[in-house]
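Here are the chains, one letter per residue:
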2 protein chains.
Amino acid sequence: MNETKQQNILIIMKVTEKLAALRGLMREQGLSAYVVPGADPHASEYMAAHWMEMSWLSGFKGETGTVVVTMDKALLWTDSRYYLQADIELKDSTIGLMRESDIDCPTIAEWLIREGGSLVGLNPEMYSVNAFRALKEQLGEAGIGVHSVDLIKPLWTDDRPAIPQAPFYEYEVAYAGEDVASKLGRVREAMRQKGANAMVISALDEIAWLLNIRGKDVEYNPLVISYVVLEQDRCTLFVAPEKVPAAAHSQWGTLVATRGYDEVFDYIRQLQGTVLYDGARVNEALFEAIPAACRKVNAQSPILVMKARKNAVELKGERIAMREDAVALTRFFRWLEEEAFVDGQTQTECTLADKLHEFRTMGKHFTDESFGTIAGYKGNGAIVHYSAEPATCATVYPEGMLLLDSGGQYLDGTTDITRTVWLGGDIPAQAKRDYTYVLKGHIALQQVRFPRGTRGNQLDALAKQFMWAAGITYGHGTGHGVGHFLGCHEGPQNVRTDNNPTALEVGHVISDEPGIYRTGEWGIRTENLITVVPAPATEVATTNDQFLTFEPLTLCFYDTQLIDFSLMTADEIAWLNAYHARVLSEIAPLLSAEDAAFLAKKCKALITN
Amino acid sequence: MNETKQQNILIIMKVTEKLAALRGLMREQGLSAYVVPGADPHASEYMAAHWMEMSWLSGFKGETGTVVVTMDKALLWTDSRYYLQADIELKDSTIGLMRESDIDCPTIAEWLIREGGSLVGLNPEMYSVNAFRALKEQLGEAGIGVHSVDLIKPLWTDDRPAIPQAPFYEYEVAYAGEDVASKLGRVREAMRQKGANAMVISALDEIAWLLNIRGKDVEYNPLVISYVVLEQDRCTLFVAPEKVPAAAHSQWGTLVATRGYDEVFDYIRQLQGTVLYDGARVNEALFEAIPAACRKVNAQSPILVMKARKNAVELKGERIAMREDAVALTRFFRWLEEEAFVDGQTQTECTLADKLHEFRTMGKHFTDESFGTIAGYKGNGAIVHYSAEPATCATVYPEGMLLLDSGGQYLDGTTDITRTVWLGGDIPAQAKRDYTYVLKGHIALQQVRFPRGTRGNQLDALAKQFMWAAGITYGHGTGHGVGHFLGCHEGPQNVRTDNNPTALEVGHVISDEPGIYRTGEWGIRTENLITVVPAPATEVATTNDQFLTFEPLTLCFYDTQLIDFSLMTADEIAWLNAYHARVLSEIAPLLSAEDAAFLAKKCKALITN
């Protein structure tokens, strides 16, 4: 207890010291405000510790947050997931909390316009070009200037973790389905169509896809911290020399040259002609290095679009990964039902996550989880981005609702699945209704046929229509894009309410995960990964539109005891039966006799009423 | 026959003469190309003859088209609806046809970049600010200049129809529900919020709404050709003096001053401060008149947003208009079934439209049709914007499918309804399936509950999901906004695939009109007007979202003999029965005993299967 207290005091002293030192540098630079976002130079979802500047400065360890410092104030903006954590971690730090999910909370720009003075410092490496420019324009209209400067680097020195140095490795064509020469050729052709002789790339998943490399630099995503400048006649990977593997990359030959990670800026400074960059993903510091004489074209990265359309080998791999994942899930759910609670044992949200991890690690090609498992018991399931911690997680008994959202990174592909199960006791009628609204929407999205050119936001309501009729909705997206042994979240496609202009295309992989959340009671979410495929022929259509549909990739049974059958149509039951029959036929042969018997029980055909 | 031929020759000579004269003026101005769009200065859907410059120049009478003239070429861009008509009307005119619905047809900008030379002339009155700027920017990037000039005015003199001079009239508060003082106050407050002391308005429906006036200047829409400049301390209507009625406008007092129509430009030239304009609706000529010293704010017109949200009086009027319309429709359909074909009589698409018009004119507050009736018999119904002409329209027999899309302008409101009916003979199974897919989608949209903030494009798939499952879709919008005794089409809300950012709001009126079109066979469309209302309470919701739903405004039975009941759910049958019961209870009391008996037969409850 005393030890903990001392640590807290230590942290508190350091935060105030850091703020004082930062203000000293701000004074030297003539800055009235400085902003430290929780971001890295690669617009990463998961950051290396080296870039956790916001956490280092503030002591706040949440995943999302931005600190704004003026001469007399320091504030942290974060969303409602982290209010409680921030209250605790900011205590006595002199940093105030701005609750950005609250409707009356000013944006950082609005606040800076009110209280930020005349000149705001930003580290351009931590902002996308578009975000930097939008902020600069908004502040500029109010007469506030923006100065590009990194004030954390001179302050955070001795105890700053290094950028990870683990070597990357070649991702074989047997998994990638396309070699580097072919990818470079296609991207260069797309560049030519935009008149560009060079393209600057800082998004790590684009680099990993383009050069068929994978690494271990960050949690959950097999990425390699690096930059690429792609030109018509050469391709240069900027990466720490320690990270380049000893063995030659069999697909590279003379196609790819490597240089030091920090050399990218000088390299960009000597570019000529027309430079393509994706302002939504490339950081402002790289953009500022492009010579003024160059023509600059801000356009969606062609790699983003190509990467999203999985080729036949990638999809085949995805199906292999899904089977491996389904084996782990089946074994886990059998353990949960038959062993986890025997002899009065209890579990916790964390022991369940650990057990699932244990089953996944038995998979031949498993490398890592694709994100931190969300095991939400009862009311915790209603906290959408809940993250159980060993010290505080809930004890799980053989009763009530459990939401389990997890995924794996396999050499063959990336998985992400949510199942909500009932652990025991009487099921409230409302719980069944909620589960069934979610399931009906989940099925409706997977079943829909739609014309080519349809966007995800046109289909979002199909997953929500049944719960909407009951006056219920949810705030998160219905579906996100998923990478191939890359990020579990990737664009540009998704299924959300937002006005995303991207049409769904054959080979896209997305999640289908509607949910219902009752604060303090339960959270229900049901998620499959699905892929866009050409729709089978129907009667002669009246138009020339070609139709697409989805095919489930995930292969795991649903908890049918939670279904309110009075709400289900015969079509929906038929869909469930066909899905369960497919799960059984694909997965049972991979299981022990006992596990297969368990799965057969779970996949038993339901009688149409 | 000879007479017709001579007329054709006369027209042909004139077109070539006009082109020669235009090229003479182009040469004087140093223009390499001149563009004449089919548009007026008010972005009107229906134009006064005075502004039909494109038709005057080219001889092409279609509603949509743009003529581009260079020194050696003249081309007309129009869409597939008008290909046939253009081929005939452009014959020997030396004007070539650009089929803009064809996938390989260049846009006007693309063609001008290829062949348009160095300087393109545009009449800025005929372009919205946004359209003008987009074209100017695109041409500018290719090194082509744009010059604002009206070259038709000096050429089209003697035979040019005058701007309509009929007086406008006051639209009473008893119909409008809000007086001019209140509307001016609300719009001025919205202007203040954008820091504007003046706003320029050229859209006629906005002016009619703001000043509670209506007129007869164009077909179908009760609008008044005019401009308004609204300032914080005055409101000026620019309108031909002949059009100002003798009687004073009871709501105006000193709130509104009038000036001559053409004086608007000089008036704008003396504005100071910050000027608000809606670049999507205000024409470029007005914008160019705003002094350089003014701050200019391009933003969606606050009037557009206010006008779309109908107040209680407007909605009450809309319901009155709907009942009047339903009486006419019921009488028409009884005539069609019981009298139109007796003793071997036949009809034509035009006699049917005339008969419906005749019934509508018996309505107490009927003033005009709200658009040209579309009566499409059999295969003609599959031509989405079909317009029957007396000389060429189809003969209608008591057999097969008839699509009838029509509407009325009533002092109380505007109507727009489509019903598709079967006139006799055996109904093909496919016709029933098509009709039922359309009906199910039409019902699904009317039934949906959705959270506040939902946009129309999120709901569009609900109307299409059933036909999509059969591999069928349609290319037109599912729903357009409808004015209140104003334009039958109004924004900003709609239900379409497009990425329209407008959320649906209580008081919005939209159409719900899915369709299926089988070339050469039939067209099926079913359309009600519906309005957004708060959704009734349901079980306790899990979120703070408030839910909305739609309520049908249109009150006319559906042809139930076309329904394939095997495709209908019990919920859908229940919806139909409730709707028909409401139609009968609201309309029967307004009918003769015979008409009421006919309606009762049509509204008979269907047995749930």
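Residue indices begin from 1 for each chain and proceed along its sequence in written order. Each chain gets a letter, beginning with A, and each ligand a number, beginning with 1, in the order they are written. Only residues with pLDDT of at least 70 are given local features in this predicted model, and only at 80 or more are side-chain atom pairs given and counted; all residues enter the totals for whole chains, interfaces and linings. Computation of side-chain values: all heavy atoms of the structure, hydrogens and water removed.

The subject of this paragraph is the overall build of chain A. When you go through chain A residue by residue, the secondary structure sums to 17 helices and 30 strands. Every radius of gyration here is taken over C-alpha atoms, with the globule rule written as 2.2 Å times N^0.38, N being the number of residues. At 25 Å, chain A has a C-alpha radius of gyration in line with the 25 Å of a compact globule built from 609 residues. Dimensions of chain A, computed from C-alpha atoms along their principal axes, come out at roughly 75 × 60 × 50 Å. The classification of residues rests on relative accessible area computed with a 1.4 Å probe and restricted to protein chains. Under 20% of the type maximum is buried, over 50% is exposed, and intermediate values are partly exposed. Burial analysis of chain A (609 residues in total) assigns 59% to the buried set. Contact between two residues is taken to exist if any of their heavy atoms lie within 4.5 Å; hydrogens are not considered. Put simply, 70% of the contacts in chain A that link residues at least 6 apart link residues at least 24 apart. Values of accessible area rely on a 1.4 Å probe in the Shrake-Rupley scheme; residue burial ignores everything except the protein chains shown. Working note: accessible area of chain A is about 24100 Å², and carbon and sulfur atoms make up 52% of it. The distance from the centre of the 56 positive side-chain charges to the centre of the 79 negative ones in chain A is 3 Å. Comment: elements are numbered from the N terminus, with helices defined as DSSP H or I runs of at least four residues and strands as E runs of at least two. By the counting rule applied here, Lys and Arg register as positive and Asp and Glu as negative, while His and the ends of each chain are not counted. Working definition for charges: the position is that of NZ of Lys, CZ of Arg, CG of Asp or CD of Glu.

In the case of a regular strand, side chains alternate between the two sheet surfaces. Residue and element names in this part refer to chain A. The pairing of strand β13 (residues 274-277) with strand β14 (residues 295-298) spans four bridges and is classified as parallel. Within the sheet, the bridge partner assigned to Val-275 lies in β14 and is Lys-296. Handedness of a crossover is defined as follows: orient the strands so they point away from the viewer, and if the path from the first strand over the helix to the second runs clockwise, the crossover is right-handed. The parallel pair β13 and β14 is bridged by helix α10 (residues 284-289), and the resulting crossover is right-handed. Pairing between strands is defined by DSSP: at least two bridges between them are needed.

All names here are of chain B. In this fold, Lys-601 is placed in helix α17 (residues 593-602). C-alpha of Lys-601 to C-alpha of Leu-584: the two residues are 17 residues apart in sequence and 9.6 Å apart in space. If we ignore the near neighbours within four places in the chain, the residues touching Lys-601 are Glu-337 and Glu-338.

Looking now at the nonpolar core. Most often, soluble globular proteins have nonpolar side chains that are buried together. Leu-336 of chain A together with Leu-336 of chain B are the most contacted members of the largest nonpolar core, which totals 162 residues. If we skip the residues at most four places from it in the chain, Leu-336 of chain B touches Phe-341, Leu-352, Leu-402, Val-421 and Leu-423 of chain B. Put simply, a nonpolar core is a bunch of buried Ala, Val, Leu, Ile, Met, Phe, Trp, Tyr and Cys residues held in one set by side-chain atoms that sit within 4.5 Å of each other.

With that out of the way, let us pick up the relation of the copies chain B and chain A. Take chain B, turn it by 180 degrees, move it 0.0 Å along the axis, and it overlays chain A with an RMSD of 0.0 Å. Such a combination of rotation and displacement between the chain copies is what one expects of a two-fold axis. Residues of chain B ranked by C-alpha distance from the rotation axis are headed by Gln-458 of chain B, positioned 2.5 Å from it. An overlap of 100% is found between the interface residues of chain B and their copies at the interface of chain A, pointing to a shared contact surface. Only residues with pLDDT of at least 70 in both copies count here: their C-alpha atoms drive the least-squares fit that superposes the copies.

Stacked, edge-to-face and tilted labels apply to pairs of Phe, Tyr and Trp rings (six-membered ring for Trp) whose centres lie within 6.5 Å, assigned for plane angles under 30 degrees, over 60, and everything in between, in that order. This model, assessed by the stated rule, comprises 44 aromatic pairs over all chains. Pairing Tyr-558 of chain B with Trp-575 of chain B gives two aromatic rings, centres 6.4 Å apart and planes at 45 degrees, and the pair type is tilted. Separated by 17 residues along the polypeptide, Tyr-558 of chain B in the loop between β30 (547-552) and α16 (570-587) and Trp-575 of chain B in helix α16 bring together distant segments of the chain. Here Tyr-558 of chain B and Trp-575 of chain B have matching classes, each one buried. One aromatic cluster is present, built from ring pairs that chain together Phe-332, Phe-333, Trp-335, Phe-557 and Phe-598 of chain A. Whether a charge sits over a ring depends on NZ of Lys or CZ of Arg being within 6 Å of the ring centre and within 35 degrees of the ring normal. One Lys or Arg, Arg-99 of chain A, reaches over the ring of Tyr-83 of chain A and ends 5.5 Å from the middle of that ring. Residue placement shows Arg-214 of chain A over the ring face of Tyr-171 of chain A; its charged tip is 3.9 Å from the ring centre.

The term salt bridge refers to a pairing of a side-chain nitrogen on Lys or Arg with a carboxyl oxygen on Asp or Glu at a separation within 4 Å. Counted according to the given criterion, the structure contains 72 salt bridges over all chains. The shortest N-O distance in the salt bridge between Arg-323 of chain A and Glu-586 of chain A comes to 3.5 Å. With Arg-323 of chain A in helix α12 (residues 312-338) and Glu-586 of chain A in helix α16 (residues 570-587), this residue pair connects regions lying 263 residues apart in the sequence. The salt bridge involving Lys-14 of chain B is made with Asp-159 of chain B; its shortest N-O contact spans 3.9 Å. Taken together, the residues Lys-14 of chain B in helix α1 (residues 2-29) and Asp-159 of chain B in the loop between β6 (145-148) and β7 (169-170) connect sequence positions 145 residues apart. What makes Lys-14 of chain B partly exposed here is its relative accessible area of 36%.

Looking now at the packing of helix α14 (residues 429-447) of chain B against helix α15 (residues 456-469) of chain B. All names here are of chain B. Remark: α14 packs on α15, axes separated minimally by 7 Å, with the N-to-C direction vectors making an angle of 155 degrees. It follows from the interaxial angle that α14 and α15 lie roughly antiparallel. Of the two elements, α14 crosses α15, and the hand of that crossing is right-handed. Of the residues in α15, those in contact with Tyr-437, Val-438, Lys-440, Gly-441, Ala-444 and Leu-445 of α14 are Leu-459, Leu-462, Ala-463, Gln-465, Phe-466 and Met-467. Three residue categories are used. Nonpolar comprises Ala, Val, Leu, Ile, Met, Phe, Trp, Tyr, Cys and Pro, charged comprises Asp, Glu, Lys and Arg, and polar comprises the others, including Gly. Of the residues belonging to the contact of α14 with α15, the class tally is nine nonpolar, two polar and one charged. Axis definition: a line fitted to C-alpha atoms, over the contacting stretch in the case of helices. Angles run 0 to 180 degrees between N-to-C directions. When an angle is under 35 degrees it counts as roughly parallel; over 145 it counts as roughly antiparallel; between 65 and 115 it counts as roughly perpendicular; any other value is oblique. The crossing is said to be left-handed when, going from far helix to near helix, the turn is anticlockwise and less than a right angle, and right-handed when the turn is clockwise.

This part takes up the packing of helix α14 (residues 429-447) of chain A against α16 of chain A. Residues and elements named next belong to chain A. Here α14 crosses α16 at 75 degrees, and the two axes come no closer than 11 Å. Taken together, the axes of α14 and α16 are roughly perpendicular relative to one another. Together, Leu-439, Lys-440, Ile-443, Gln-446 and Gln-447 of α14 and Asp-571, Glu-572, Trp-575 and Leu-576 of α16 make up the contact between the two elements.

The subject of this paragraph is the interface of chain B and chain A. Of the residues lining the interface, 37 residues belong to chain B; the matching set on chain A comes to 37 residues. Both faces combined, the contact of chain B with chain A buries some 2800 Å², and carbon together with sulfur accounts for 50% of it. There are zero salt bridges connecting chain B and chain A. Nitrogen and oxygen atoms within 3.5 Å of one another constitute a polar contact, given that in protein one can donate a hydrogen and the other can accept it, and given that sequence-neighbouring residues count only through two side-chain atoms. Summed over the shared surface of chain B and chain A, the number is six residue pairs in polar contact (both at pLDDT 80 or more). Looking at the side of chain B that touches chain A, the elements that each hand over two or more residues are α14, β23 (449-451), α15 and β27 (515-518) of chain B. When residues of the side of chain B that touches chain A are assigned to their parent elements, the largest contribution, nine residues, is made by α15 of chain B. In the side of chain B that touches chain A, the residues fall into 17 nonpolar, 13 polar and seven charged. Take the accessible area each of two parts loses on contact, using a 1.4 Å probe, and add the two losses: that sum is the buried area.

Let's shift gears to α12 of chain A. Working rule for helices: expected span equals 1.5 Å times residues minus one. With 27 residues, α12 of chain A should reach 39 Å at 1.5 Å per residue; the first-to-last C-alpha distance of 39 Å fits that figure. A distance of 3.1 Å separates the backbone nitrogen of Val-313 of chain A from a side-chain oxygen at the start of α12 of chain A, and that oxygen is part of Asn-311 of chain A.

Here the focus is the sheet that holds strand β11 (residues 235-238) of chain A. All names here are of chain A. The sheet built from six strands is open, its strands ordered β12-β11-β10-β8-β13-β14 with mixed pairing. The open sheet has two edge strands, β12 (256-259) and β14, and neither has a second partner. Strand-to-strand twist across the sheet, computed as the mean angle between neighbouring axes with direction ignored, equals 20 degrees. Each of β8 (198-201), β10 (227-231), β11 and β12 is contacted by helix α8 (residues 204-211), which is oriented at about 55 degrees to β10, the strand it contacts most.

For the rest of this paragraph, the subject is the side chain of Arg-160 of chain B. Residue and element names in this part refer to chain B. As for its placement among the helices and strands, Arg-160 is situated in the loop between β6 and β7. Here the side chain of Arg-160 touches Glu-53 through a polar contact of 3.1 Å, side chain to side chain. In this structure Arg-160 touches His-50, Trp-51, Glu-53, Ile-152 and Lys-153, once residues within four positions along its chain are discounted.

On to unusual backbone geometry, then. Note the cis peptide between Gly-491 of chain A and Pro-492 of chain A, where omega equals 5 degrees. Following the sequence through the fold, Pro-492 of chain A ends up in strand β25 (residues 490-495). With a phi angle near 70 degrees, Tyr-220 of chain B is a residue other than glycine that sits in the positive phi range. Tracing the sequence through the fold places Tyr-220 of chain B in the loop between β9 (213-214) and β10 (227-231). Relative accessible area serves as the criterion here: at 15%, Tyr-220 of chain B is assigned to the buried category.

An α-helical segment advances 3.6 residues per turn. Residues three or four places apart therefore align on the same side. When the terminal C-alpha atoms of α16 of chain A are compared, their 26 Å separation across 18 residues agrees well with the 26 Å that a helix rising 1.5 Å per residue should span. Looking only at α16 of chain A, the buried set comprises Glu-572, Ile-573, Trp-575, Leu-576, Asn-577, Tyr-579, His-580, Val-583 and Ile-587 of chain A.

Residue and element names in this part refer to chain B. Alternating positions in strand β28 (residues 522-525) separate into two faces, Trp-522 and Ile-524 on one and Gly-523 and Arg-525 on the other, with burial throughout. When β27 meets β28, the two strands line up antiparallel, connected through four bridges. Its bridge partner lying in β28, Gly-515 is registered against Arg-525. Turn length for the β27-β28 hairpin, with the two strands adjacent in sequence and antiparallel, is three residues, and the turn residue Gly-520 shows positive phi of about 80 degrees.

What follows covers the environment of Asp-217 of chain A. Residues and elements named next belong to chain A. Here Asp-217 lies in the loop between β9 (213-214) and β10. If we ignore the near neighbours within four places in the chain, the residues touching Asp-217 are Ala-48, Pro-164, Ala-166, Leu-223, Val-224, Ile-225 and Lys-243. One polar contact links Asp-217 to Lys-243, side chain to side chain, over a distance of 2.6 Å.

With that settled, the discussion passes to the state of the cysteines. Residue and element names in this part refer to chain B. Throughout, disulfides are identified as pairs of cysteine sulfur atoms within 2.5 Å of each other. Applying the stated criterion to the full structure yields zero disulfides over all chains. Free of any disulfide, Cys-350 has its nearest neighbouring cysteine sulfur in Cys-393, separated by 3.3 Å. Relative accessible area serves as the criterion here: at 12%, Cys-350 is assigned to the buried category.

Residues and elements named next belong to chain B. As summarised here, the arrangement of the six strands in space is β4-β3-β2-β1-β5-β6, forming an open sheet in which the pairing is mixed. A single partner strand is all that each edge strand has here, and the edge strands are β4 (96-99) and β6. Adjacent strand axes in the sheet meet at a mean angle of 25 degrees when their direction is disregarded. Contacting β1 (33-37), β2 (66-70), β3 (74-78), β4 and β5 (119-122), helix α4 (residues 108-115) crosses the sheet at an angle of about 5 degrees to β2. Of the strands in this sheet, β5 and β6 touch helix α5 (residues 129-141), which is tilted by about 145 degrees from β6.

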